[in-house]
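Residues per chain, in single letters:
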Amino acid sequence: MTGRRSRIGTGIPTVALVLAAAAGVWLLFAHNAKEPELRVASQHALRAPNGQPQLVSIEPLPEMPGETCEWIPASARVSLLQERRAASSSAESSDERRTLDMDRAPVRTIRDPNPSYSAIAVEPASDMVVVTDENLFQVLEYNRLDNTPPTAKMTEPKRVIGGTNTKTEMMCGVYIDPKTLDTYVVNNDTQDWLAIFSKQAKGNVAPDRVLATPHGTFGIAVDEAKQEMYLTVQHQNAVYVYRKLASGNEKPLRVLAGNDTQLEDPHGVAVDTKNNLLIVSNHGNVSYRDPNDPESVPRGGAEGGGRSFRPGSGEFQPASITIYSRDAKENQRPLRVIEGPKTRLNWPGQIAVDEERGEIYVANDMDHSIAVFKISDSGDIAPTRLIRGPKSGIQNPTGVTLDLKNKELWVANMGNHSATAYPLGSNGDVAPIRKIRGGPAEEPALMIGNPGAVGYDSKRQEILVPN
Amino acid sequence: MAHPQIAAFARLAKGGATPNRLVAGQDTKLSRTMHDIRYDAANDEFLVTNPFAQAILIFAGGADGNQPPARIIQGPSTRIGDPDRLDVDPAHDEIIIPNETAILVFSRKASGNAAPLRVIEGPDTMLRRATSAAVDPVHNLIIVGLNQGGRRGTPGALLIFNRTDNGNVKPRAVIRGPKSGITRINQIALYPEKGWIVATQPGEGADMEPEGAFIGVWSINDNGDVPPRWKINANAKSAMKKPRGVVLDPKNKEMIVADMRLNSIITYYFPEIF
C-alpha cells in the first residue's frame, strides 16, 4: 500500500502539469482558428481577450464506462507494445517473431479437492474394499469394516496407488483377484491399459502387469472358473473376452460386436456362471457398422479396428440390460433385453449378479438408485427392488458390487464422495449399515470428469463444463 | 468417464463450489466424450456433440436437469461420422462440424435428418484427423484443428479456410511445424475483433503430464511454421497441466481453460488479447 500511495502521490502533479501544458498549447494554436467563438465566449464570461491562456470554464469529465481502475499486469505493457509493432510491421518475417510467454497465476480455479468413487470391488476374506477415484486419479483400499462418523472429514485409506507411473487415470472398472488379491483397474480414457497391481503396490508405482485394451474400455468381469476376463468397450459397442492373465498386446479370445448384438454404449458387465450368462448394461447410444468395411471389425490388441461406423447411422435407443449366452461372440443377438420406461433405467453403470438369488444389481446413475432385476426378466418390467431415497445416501451411483459371504451390497456414489454398504436384501429408502467417505459428509462431488471443453454462457454469466 | 454431464458454474465460482445447474440424464441424450460446447448468445442456445450416436444436440440456453435437447441433427443425410467438436455462427445461421476428413456446414436451424449446406473435403483440403473447428464471422474464416497422427506421428496443425469454401479447396493458410509447437489441437476459441486464434495444445495424448502443453494465440494472418504470438504454458506458475478446452470472456477480459489432468476449470485474467 505504501508503494502504491507514493506512486499516486507523485503521479498526480505530473499528470496535472502535462495536462495544463497541453491545454495551453492547444489554446495558443487554436486561437486563430477559433477566435470568433472564443471572443464571444469570453465576452459572455466578462473576460477580454489578452493573448494569454485564460480559464474559461470547469467541466467535470464524462463518466467512463466499465471499471476505471482495471488492474493491468506489468507484462501487458510489453505485449501491447509488441502487438503494435506487429500490427505496424506486418511484413516482418515469421522467422523473426518470438513467442511472448505470458505465464501467470489463475484468478480462479474450480476443482473438487476430494476423490470421486467411480467403481468398487470387495474381497470379503481379506476385508478389502477397493475403489477407483476418477477425480484425483487414485486407487484406494479401505477396510471393509470401516464406518466413518459424520464428524470425521474422511475415511483413512489403507493404501493409495496413484501417479504418472501407474498407467491409471480415467478409471471406471475394478476387480480383485480372490486368490492373489491383485487389483485389476480399467482405464476408460487417456490410458488404454488394463493395469494390474499386487497387494503390496502402493504410491506412484508401475503396474505389475498391463494389457493393452481398446480405447473406451469401461467395465470388467472375471470368470474365475474359466480364467476369462470380460471387458466392455464403449467406443466399439463391444465386449472383449481375454485370458484372465493376458498381458501386453495379447489378442482377445473372442469379441462380441455387431449390428445385431444390441450393444449400445455398453458400460457394466457381469458373468453368471451358474446360469451361463453374460449381462451388459447400455446407455443406448449406438451407430451401426458397414458389414463390408474391414475397419469396422474389432481385432483387439495393437491391431485396433472396430471404431469405423457407417456415417449417419447413429441412433438413440433406450437404456437397456442385454443378456447373452456366456460364450457369445461376433454378431450374436441377446437372449433377452430389459428395456423400457417401467425399468427406470437412467444411465445404468456397473452391474453385479447374485447367482444364488438369481438377481441383477444395477448402479442406476441418474435415478440415484440401485435397481434389482431377476435374471430371468425381459422387456419393459419394473425392478423387483429399488434402493433409493435420502436415507440411503445413494447419489449418482456408478459402481456396485456384492459381498455374498457377508450378504452385503456395496455402492460407489460418485455424487457424494462415498461408498455405502447395505444388507443384501434391502429395498426402499434404507440407511447404509456402514459408510466410507473420501470427503466431508454432505459435501456434494462436482463430478467433473476429463473436461475436454469449456463454454461460457454470457447471458447467465455461467461457465459450461461438459464431461 | 463414468458419468456424463454438463455442469454450469457461476463465473466467479471457485474451489469446490457446486454448479448452479446440471444437465444430465437419459432424456438429455448426452454421452461421454463431449469435446466441445458452444454457447450461442444471439439465440440463447448451447450445442454439444454425441459421437456415439453421431448427433448434434442443441439445447435451450437455460436447460436444466434431465431436459431433452430442443433440436437434434442426426441421420443418414447428415453424413456425420465421428463428431468430436463443433462451432456455431449466429451471424450466418450455420453450424460447423469437423468430420475427420471433411468439414460439414449445416443450417443453424437444421433438425433431424438434414443434409449439410456445404462440405469442404477432398485431397487438396489437407483435412486428415480434423477434430476441431471454429468460425470467424467477421473475417469470414473457418479455422480447423488437426489431431496428431498417432503417438509421435504426424503433428497436428491449424488450417484456415474461407467460411464459404465448398468442395475440394486448398486451405488459404496452414500453421504447422516445430516452431508452431503444435502437437495436436483441441478446442479453439476465436476473438474476431482482433483476429486472434486461441487454441489449446495439450501435448501427447497418452502422457498424463505432457511436456510442451500450452494455450497459444495465433493471428488469422499467420501462415507456415510460425510460433504463437503469445502463450500460457502448462507449468507450476500457471497451475495448468493438460489444457484441452478454452473459451474467452471478452467482457471481463478473461480466458477460461478446461484442464483434463486436474479435472478443473482455470480462469486467467488475460487483457493483452482483448
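For the structure itself, consult the block above.
Everything quoted here is computed from the prediction, not taken from an experiment.

Conventions used here
Residues numbered from 1 in each chain as written. Chains lettered and ligands numbered in written order. Predicted model: local features only at pLDDT ≥ 70, side-chain atom pairs only at ≥ 80, totals over all residues. Heavy atoms only, no water. Helix = DSSP H or I, 4+ residues; strand = E, 2+ residues; numbered from the N terminus. Buried < 20%, exposed > 50% of the residue type's maximum accessible area, 1.4 Å probe, protein only. Contact = heavy atoms within 4.5 Å. Areas by Shrake-Rupley, 256 points an atom, 1.4 Å probe, with all protein chains shown as cover. Pairing = 2+ DSSP bridges. Axes fitted to C-alpha atoms, helices over the stretch in contact; angles between N-to-C directions. Core = buried A, V, L, I, M, F, W, Y, C linked by side-chain atoms within 4.5 Å. Buried area = accessible area lost by both parts, 1.4 Å probe. Salt bridge = Lys/Arg side-chain N within 4 Å of Asp/Glu carboxyl O. Polar contact = N/O pair within 3.5 Å; in protein donor to acceptor, adjacent residues only side chain to side chain.

Glancing now at the overall build of chain A. Along chain A, the regular secondary structure elements total three helices and 30 strands. By the burial criterion, 52% of the 467 residues in chain A qualify as buried. In chain A, 54% of the contacts between residues at least 6 apart in sequence involve partners at least 24 apart. Of the roughly 21100 Å² of accessible surface on chain A, a fraction of 54% belongs to carbon and sulfur atoms.

Sheet strands associate in pairs through backbone hydrogen bonding, adopting either a parallel or an antiparallel arrangement. All names here are of chain A. In space, the four strands of this open sheet follow the order β15-β16-β19-β20, with antiparallel pairing throughout. Each edge of the sheet is formed by a strand with only one pairing partner; in this case those strands are β15 (266–272) and β20 (336–339). Neighbour-to-neighbour, the strand axes of the sheet open up by a mean angle of 20°, direction not taken into account. Examined bridge by bridge, strand β16 (residues 277–282) and strand β19 (residues 320–325) share six bridges and lie antiparallel to one another. Bridge assignment links Val280 to a residue of β19, and that residue is Thr322.

Turning next to the nonpolar core. Formed by 21 residues in total, the largest nonpolar core has its most connected members in Val198, Trp230, Leu248, Met255, Phe270 and Ile273 of chain B. Of all elements in the fold, only β15 (188–191), β16 (196–201), β17 (214–219), β18 (230–233), β19 (243–249), β20 (254–259) and β21 (264–269) of chain B reach the threshold of two or more residues within this core. Formed by 20 residues, the second largest nonpolar core is a distinct cluster that contains Phe316 and Ala453 of chain A together with Ala8 and Ala53 of chain B.

Moving on to the pairing of β21 of chain B. Of all six residues in β21 of chain B, six are buried; the element is thus mostly enclosed. Judged by which residues are buried, β21 of chain B turns out to be covered on both faces: Ser264, Ile266 and Tyr268 of chain B on one side and Ile265, Thr267 and Tyr269 of chain B on the other are all buried. In the sheet, strand β2 (residues 108–110) of chain A pairs with β21 of chain B via three bridges, with the strands oriented antiparallel. In the sheet register, Arg108 of chain A faces β21 of chain B, and the bridge partner there is Thr267 of chain B. Sheet analysis places β20 of chain B next to β21 of chain B, joined by six bridges and oriented antiparallel. From the neighbouring strand, Ile256 of chain B faces β21 of chain B, where its bridge partner is Thr267 of chain B. Connecting β20 of chain B to the next strand, β21 of chain B, in antiparallel fashion are four residues, including Asn263 of chain B with a positive phi near 50°.

Contact with chain B, which involves 107 residues of that partner, is made by 95 residues of chain A. Area buried by chain B at its contact with chain A is led by Met1, Gln26 and Asn263 of chain B, which between them contribute 10% of it. At the boundary of chain B and chain A, one finds nine salt bridges. Across the salt bridge formed by Glu272 of chain B and Arg104 of chain A, the nearest N and O atoms sit 2.8 Å from each other. Put simply, chain B and chain A have 57 residue pairs in polar contact (both at pLDDT 80 or more) between them. Element by element, the count of residues in the side of chain B that touches chain A is highest for β21 of chain B, at six residues.

Of note, the phi angle at Thr190 of chain A is positive, near 65°, even though the residue is not glycine. By the secondary structure assignment, Thr190 of chain A is in the loop between β8 (183–189) and β9 (193–197). The backbone phi angle of Asn263 of chain B is positive, close to 50°, even though this residue is not glycine. Here Asn263 of chain B shows up in the loop between β20 and β21. The exposure class of Asn263 of chain B is buried, given its relative accessible area of 1%.

What follows covers the pattern of salt bridges. This model, assessed by the stated rule, comprises 42 salt bridges over all chains. Between Asp222 of chain B and Arg97 of chain A there is a salt bridge; the shortest N-O distance is 2.8 Å. Here Arg97 of chain A lies in the loop between α3 (74–88) and β1 (100–101) and Asp222 of chain B lies in the loop between β17 and β18, a pairing that spans two chains. For Asp222 of chain B, a relative accessible area of 3% puts it in the buried group. In this structure, Asp93 of chain B engages Lys109 of chain B in a salt bridge whose closest nitrogen and oxygen atoms are separated by 3.8 Å. Of the two residues, Asp93 of chain B is situated in the loop between β7 (87–89) and β8 (94–98) and Lys109 of chain B in the loop between β9 (102–107) and β10 (118–121); the sequence distance between them amounts to 16 residues. Classification of Lys109 of chain B as exposed rests on a relative accessible area of 54%.

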